[in-house]
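One-letter residues, chain by chain:
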Protein chains: 2
Amino acid sequence: MIIPIIASLVALGFVVFLSFDVIKQNQGSSRMIEISQAIQDGAKAFLKREYIYIGIFVLIISALMAAAPLFTDVELGWRTSVAFIAGAVASALAGYIGMSIATRANCRTTQGALTGGLQGALRVAVSGGAVMGMSVVGLSLLGLCIVYIVFDGDPVVINGYAMGASLVALFARSGGGIFTKGADMGADLVGKVEAGIPEDDPRNPAVIADNVGDNVGDVAGLGSDLLESYVESIIAALAIASLIGLSSDSLKMIPLYIASAGIIASIIGIIFVRITGRSNPQGSLMGGTYVSAILTAVATYVIVSKFGTDFTEDGHSYLAMGPFWATICGVVSGIIVGFFSEYYTSNKYKPVKKLAEESKSGPALTVTGGIAIGMASTAFPVLALAGAVMLSYHFAGIYGVAMAALGMLATTGMVVAVDSYGPIADNAGGIAEMAKLDPSVREITDNLDSVGNTTAAIGKGFAIGSAAFASLGLLAAFMKSAHVDVADIKDPRVLAGLLIGGMFPFLVSSMLFEAVSKAAFQMIEEVRRQFKEIPGLMEGKVLPDSAKCVDISTKGAIQGMLLPGSLAIVTPVLVGLLLGPDALAGLLVGALVTGVMLGIQMANSGGALDNAKKYIEEGNFGGKGSDTHKATVIGDTVGDPLKDTVGPSINILIKLMAVISLVLAPLFI
Amino acid sequence: MIIPIIASLVALGFVVFLSFDVIKQNQGSSRMIEISQAIQDGAKAFLKREYIYIGIFVLIISALMAAAPLFTDVELGWRTSVAFIAGAVASALAGYIGMSIATRANCRTTQGALTGGLQGALRVAVSGGAVMGMSVVGLSLLGLCIVYIVFDGDPVVINGYAMGASLVALFARSGGGIFTKGADMGADLVGKVEAGIPEDDPRNPAVIADNVGDNVGDVAGLGSDLLESYVESIIAALAIASLIGLSSDSLKMIPLYIASAGIIASIIGIIFVRITGRSNPQGSLMGGTYVSAILTAVATYVIVSKFGTDFTEDGHSYLAMGPFWATICGVVSGIIVGFFSEYYTSNKYKPVKKLAEESKSGPALTVTGGIAIGMASTAFPVLALAGAVMLSYHFAGIYGVAMAALGMLATTGMVVAVDSYGPIADNAGGIAEMAKLDPSVREITDNLDSVGNTTAAIGKGFAIGSAAFASLGLLAAFMKSAHVDVADIKDPRVLAGLLIGGMFPFLVSSMLFEAVSKAAFQMIEEVRRQFKEIPGLMEGKVLPDSAKCVDISTKGAIQGMLLPGSLAIVTPVLVGLLLGPDALAGLLVGALVTGVMLGIQMANSGGALDNAKKYIEEGNFGGKGSDTHKATVIGDTVGDPLKDTVGPSINILIKLMAVISLVLAPLFI
């Protein structure tokens, strides 16, 4: 266990170094500092309230787990509940640290753009994002190791750790997502569409809330999302190694070693970006991602060669190098998923260009076309995932499926760094606009934002693919724990489970949509009110009451996340108790099947609608201000909650239900 | 076999009676006759071209089936291919007859409204719709009996009959759906939105195409859709009785007797509407539906009491009355599904009212809200279906699941009659508008249209529920035929099948969306061109070139239906051959799970968006012409293809893949 502990401490050391590197940068003018401070305050206030509610959930659930009736074994109950709390704390802490630095990096990125151009801005933004990335992997792996050592590697207890991380992820992702999109839609619909003022205009009272949203949704929310995937891919492999009757014990250590190697490779990747970013930012980000991926693959080969042994699983024999090839299957399928997200959502390719052209006939065809693109985009990724499932199973059984997930997630540090840097650049642009800096600064930050898009697409592919693989691993572990040898798809209880599970992502999606709409609706009313009632606001003489808007988003997000979150926890328990573990296995698979489809569809519909708008704004089919542009603005507003609230939450939902089922498996026998 | 033959001949006799009853009515003024003739010609021209393409598919597939390599048994091959052709012909013929009378009933309904008010119009429209309904049940049951007798009740051969009906249904539904929505969106977007002229204005060149679309999509397409469900529910029960090792032979006859009873009950229901319709049209339609449903339930009780015996299936024992209770489960779940469609889509209830209110913030929130309503509406129907699956299984095993489907579909004659009467009333309204009759006539036909909506919602519930049950029955029969004893959901091949199957409805949906958008786009360009280039058109001095618009929709529909149709045929074959029958079983279940969700979601999203618009038009939240109204018009345009093209086609897709797998099962062993 010493290797993963050292690796995670190195990651945390790097967090400290990067944090100081960000903070020592120049913050810019007093107006910039003021705006950044408002964003920091808003984000902190939201996170505090969010964490209070999450804390209550965590306490109730851990109390229930610690209570004897849930487990046959009282000792097992409280141990699991301790591990559960540890997982929740690790995730919450990572989100807090990452967001604190991200909200400090924004004005410094603006200042970097002002004084150092694209290169100056890139370095601050990447460092800010890397804090989130390294906090995620460092804290979660360190916590996992501690739990592992304290509880003697008891696999049932360790599953509780994953459940804690998963619970926080669902609330953070859905709450953050509702916050950011409610604010965004509200700001856009009144500001851009009704009042005709530009994006991020300081007169718009919802703009600060919109910028806060970028941080709590796309930085803290995303971080907790990938932290969960990361932890679960490791734990799924551990659980399978313990439960499914693997013949070799060294297979338990391999996932931890690969995760350690991934951390070091991610650090090298980030350093690569810092060094090469001066000359070619686009190539440098891609390069850093490739460097860390290739180093991880090489390390995996070495680790599996050294520690792997031929093994048997459920009576089948597998070769020692099987887990390595399974990892490669995972990585390749993740890259394919990412490639097709890029193809269907980038305005360099046909689908988005066609969507932009169809928008000439008005917003109805834009929206329909956007939905159609997302649906079409499920085809090849799903074929790739299905192929990877069969191949990784062929190479190393169900252990191989978990290893495929781990393959995609070993470089989580790097992936989160690249993903979090986008919202920092976005914030920097907002600050430039609000502080009325020269438009050239805004151009730099916009450029910075778009540079990371391709790399982020691959990250998205990894997130979706790994969610599927990790939940398959958890499913297999659950079935073993709950003594379900076979769940036949024509068995009526399994079928009922499949149908209910398949429905669940639809139901939760509808709730999240409603929550975003409600928050946006209230935001719209408030912005309209301020425009009307605050004298001098539209003339730019006084500042709007931004705090009120942050408060509306906060309340909307908290209210909106509670019901879907509670349902996701209660449903597997109810199905398991009322219909039995066979039906619960069906539920998990049903949710996986529709969840993967909706996850891919929503991410890509949203992306395509967003980029169709950008394509028009570049001057095509009439450009900004034309009817075609208006159609795509409406399309983008429909797509926003799809890609940033609902789609990502569905990914977590699948995994949360799987991990709850696994932890509570003894209850359903 | 004499009973079902007599019942189907009675149905066909009733068709002849009703047809004469429609034709003998007054057609109205020469302008009305002219318009009706144009609609007839357009519909016939489309159906002719559509049937040529379907014919080519049928011939190729039957030739392949007759060819030895597909089947181990050459004789079985050509017999199946003959049954396949018979199923296709029965469906095509029913569609043709129904549509011929429907396109003749339209102007006569207008005239009925003019001279006899609501009651006068109701009678013609119901008779016209009933022709479609009784043709569907009469022809399909007669054909089935003939095939059964000719081929000595060989279950494998009879499955071919279902496959023929299914193939025609997919093409007719998707082709008709693309036609009608392409024309509708085109007519609305240029006419209503751009030129600001009312719906069905004679100056709009796309209006005739729109009216043709109502007939080819909502009459012929819907008829072939329910014909397929009807045939498959009977055949699934027959196949299970033969394959699954039921101990009693009389169980084979029960489905045919219940179907016969349903025909007679439907005829009584239609006569009830004709008699009572004079005083209270709304209550009369509901009453007729209830009368036929209750009579069928009573008859089922009598039939099962008389012919049922205790039986064993796969080693489990079931009581003689089990199949009756299974039927009741099906009917109750269908009513629940229908009730919730009504709740989520009617503007009498909260969801649509809230959607209308949200539309005050613009079209983006309308569309998002509409999608959310559809997603939320999956919850209770799916719980009802899952419960009904478990209960009907409990009462009579997998045979019970097929009987549940039959319970919903026995009254297909009545359901189709009520469903087809809507588009006839819609057409009648269009003719009133184009012939410039007094607005009071239009009011009557609009009222007539809305009267049938609640009844139609229950029909929709039956269509969706029965599709799920019928395909579960076919799935079980397939697994038995293909010697797949167990398909475990954690088996990698089954999982791969589940994922690919789950993706398939998304892929096909995207293709259908694209086809509708493309047809609408071309229609928009053509209407704009005619408005600009034909002198005197906008002043109402000359008539537009409607034939050109019909031609555009026809081409768009034919082109659009070929690819998804071919994929639906080829995919199960490829998966079965490449990945094996286990994966194919997974594919069918995966498609079922996402297909049921998308089917319900799309139907109800579309319905809610439609009725939110109507709610605004009734004068709420600003009424006609307000910004809120514009937002809901855009929402309705997005919802239209959801509910009338894509959603219904997905239902058929699920069943078509299941029946193809069943027919070709010997190939995959």
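Nothing here was measured: the structure is a model prediction, and the numbers come from that model.

Definitions and cut-offs
- Residues numbered from 1 in each chain as written.
- Chains lettered and ligands numbered in written order.
- Predicted model: local features only at pLDDT ≥ 70, side-chain atom pairs only at ≥ 80, totals over all residues.
- Helix = DSSP H or I, 4+ residues; strand = E, 2+ residues; numbered from the N terminus.
- Rg over C-alpha atoms; globule rule 2.2 N^0.38 Å.
- Buried ≥ 20, exposed ≤ 12 C-beta atoms within 10 Å, placed from the backbone.
- Contact = placed C-beta atoms within 7 Å.
- Least-squares fit on C-alpha atoms with pLDDT ≥ 70 in both.
- Expected span 1.5 Å × (residues − 1).
- Bend = angle between axes of the 7 residues up to and from the residue.
- pLDDT = per-residue confidence, 0-100.
- Axes fitted to C-alpha atoms, helices over the stretch in contact; angles between N-to-C directions.
- Parallel < 35°, antiparallel > 145°, perpendicular 65-115°, else oblique.
- Nonpolar A, V, L, I, M, F, W, Y, C, P; charged D, E, K, R; others polar.

*Asks:* Explain the overall build of chain A here, please?
*Replies:* Across its full length, chain A holds 19 helices and 2 strands. Taking 2.2 N^0.38 as the reference for a compact globule, 669 residues should give roughly 26 Å; the C-alpha atoms of chain A span a radius of gyration of 24 Å, in line with that estimate. For the C-alpha atoms alone, the extent of chain A along its principal axes is close to 75 × 50 × 45 Å. Put simply, chain A has 669 residues, and 70% of those count as buried. The long-range fraction of contacts in chain A, counting pairs at least 24 apart against all pairs at least 6 apart in sequence, stands at 85%.

*Asks:* I would appreciate a short explanation of the interface of chain B and chain A in the present structure.
*Replies:* The figure often quoted for interface size is the accessible area lost as the parts come together. Taken together, the contact between chain B and chain A spans 66 residues of the former and 66 residues of the latter. Counting residues per element, the side of chain B that touches chain A draws most heavily on helix α15 (residues 492-533) of chain B, which supplies 20 residues.

*Asks:* Help me out: how do you make sense of unusual backbone geometry in this one?
*Replies:* Trans peptide bonds make up the majority, and among non-glycine residues the majority have a negative phi. One non-glycine residue with positive phi stands out, namely Phe621(A), at about 45 degrees. Under the C-beta neighbour-count criterion, Phe621(A) is labelled buried, with 20 such atoms within 10 Å. At His483(B), a position not held by glycine, the phi torsion is positive, near 55 degrees. Residue placement: His483(B) occurs in the loop between α14 (453-481) and α15.

*Asks:* I keep staring at the relation of the copies chain B and chain A and nothing clicks. Help me out?
*Replies:* Each of the two chain copies goes to the other by way of a rotation about an axis and a shift along it. Each copy superposes on the other: chain B lies on chain A with an RMSD of 0.0 Å after a rotation of 180 degrees and an axial shift of 0.0 Å. Expressed as an axis order, the relation between the two copies is that of a two-fold axis. Distance from the rotation axis, computed per C-alpha, reaches its smallest value in chain B at Asp488(B): 2.3 Å. Mapped onto chain A, 100% of the interface residues of chain B again fall at the interface, so both copies present the same surface.

*Asks:* Looking at this structure, I do not really get the environment of Ile268(A). What am I missing?
*Replies:* Residues and elements named next belong to chain A. Here Ile268 shows up in helix α6 (residues 253-276). The sequence separation of Ile268 and Ser224 amounts to 44 residues, and the corresponding C-alpha distance is 23 Å. Apart from the residues lying within four places of it in its own chain, the contact partners of Ile268 are Val291, Ser292 and Leu295.

*Asks:* Help me understand helix α8 (residues 322-345) of chain B in this model?
*Replies:* Since one α-helical turn is 3.6 residues long, residues separated by three or four positions face the same way. Between its first and last C-alpha atoms α8(B) spans 35 Å; for 24 residues at 1.5 Å apiece the expected length is 34 Å, and the two agree. Counting buried residues in α8(B) gives 19 out of 24 residues, a clear majority hidden from the surface.

*Asks:* Any chance you could explain helix α4 (residues 155-195) of chain B here in plain terms?
*Replies:* All names here are of chain B. Between its terminal C-alpha atoms α4 stretches 58 Å, which fits the 60 Å expected from 41 residues at 1.5 Å a residue. Along its length, α4 shows its largest kink, about 25 degrees, at Asp188. Burial runs high along α4: 36 of the 41 residues are buried. Gly196 lies just past α4 and shows a positive phi near 70 degrees.

*Asks:* Honestly, the environment of Gly473(B) in this entry has me stumped. Any pointers?
*Replies:* Residue and element names in this part refer to chain B. Among the secondary structure elements, Gly473 is positioned in helix α14. Assessed through the 30 C-beta atoms surrounding it within 10 Å, Gly473 is described here as buried. Sequence separation of Gly473 and Gly400 is 73 residues, and the distance between their C-alpha atoms is 8.9 Å. Excluding residues within four positions of it along the chain, Gly473 makes contact with Ala236, Ala237, Ile240, Ile398, Val401, Ala402 and Ala405.

*Asks:* Would you mind showing me how to read the confidence of the model for chain A here?
*Replies:* Any residue range with low pLDDT should be treated as having predicted coordinates unsuitable for detailed reading. Considering every residue of chain A, the mean pLDDT works out to 90; 98% of them sit at 70 or more. Complex prediction metrics read pTM 0.95 and ipTM 0.94.

*Asks:* Just to check I follow, could you spell out the packing of helix α6 (residues 253-276) of chain B against helix α12 (residues 412-434) of chain B for this structure?
*Replies:* Packed helices, taken two at a time, are described by their axes: the angle between them and the distance between them. Residue and element names in this part refer to chain B. In contact at an axis separation of 7 Å, α6 and α12 are set at 40 degrees when each is read in the N-to-C sense. Taken together, the axis directions place α6 and α12 in an arrangement best described as oblique. Residues Gly262, Ile263, Ser266, Gly269 and Ile270 of α6 touch α12, and the partners they reach there are Gly413, Met414 and Ala417. Looking at the contact of α6 with α12, its residues break down into 4 nonpolar, 4 polar and no charged.

*Asks:* Looking at this structure, how should I read the packing of helix α3 (residues 74-150) of chain B against α6(B)?
*Replies:* Residue and element names in this part refer to chain B. Two numbers describe how α3 lies on α6: the axes approach to 11 Å, and their chain directions differ by 170 degrees. In terms of orientation, α3 and α6 fall into the roughly antiparallel class. Taken together, the residues of α6 that come into contact with α3 (itself represented by Arg123, Val126, Ala130, Gly133, Val137 and Leu141) are Ala259, Ile263, Ser266, Ile270, Val273 and Arg274. Among the residues making up the contact of α3 with α6, the classes are represented as 8 nonpolar, 2 polar and 2 charged.

*Asks:* Just to check I follow, could you spell out the environment of Ser305(B) for this structure?
*Replies:* Within the secondary structure layout, Ser305(B) lies in helix α7 (residues 281-307). A sequence separation of 162 residues divides Ser305(B) from Ala467(B), and the C-alpha atoms of the two residues are 27 Å apart.

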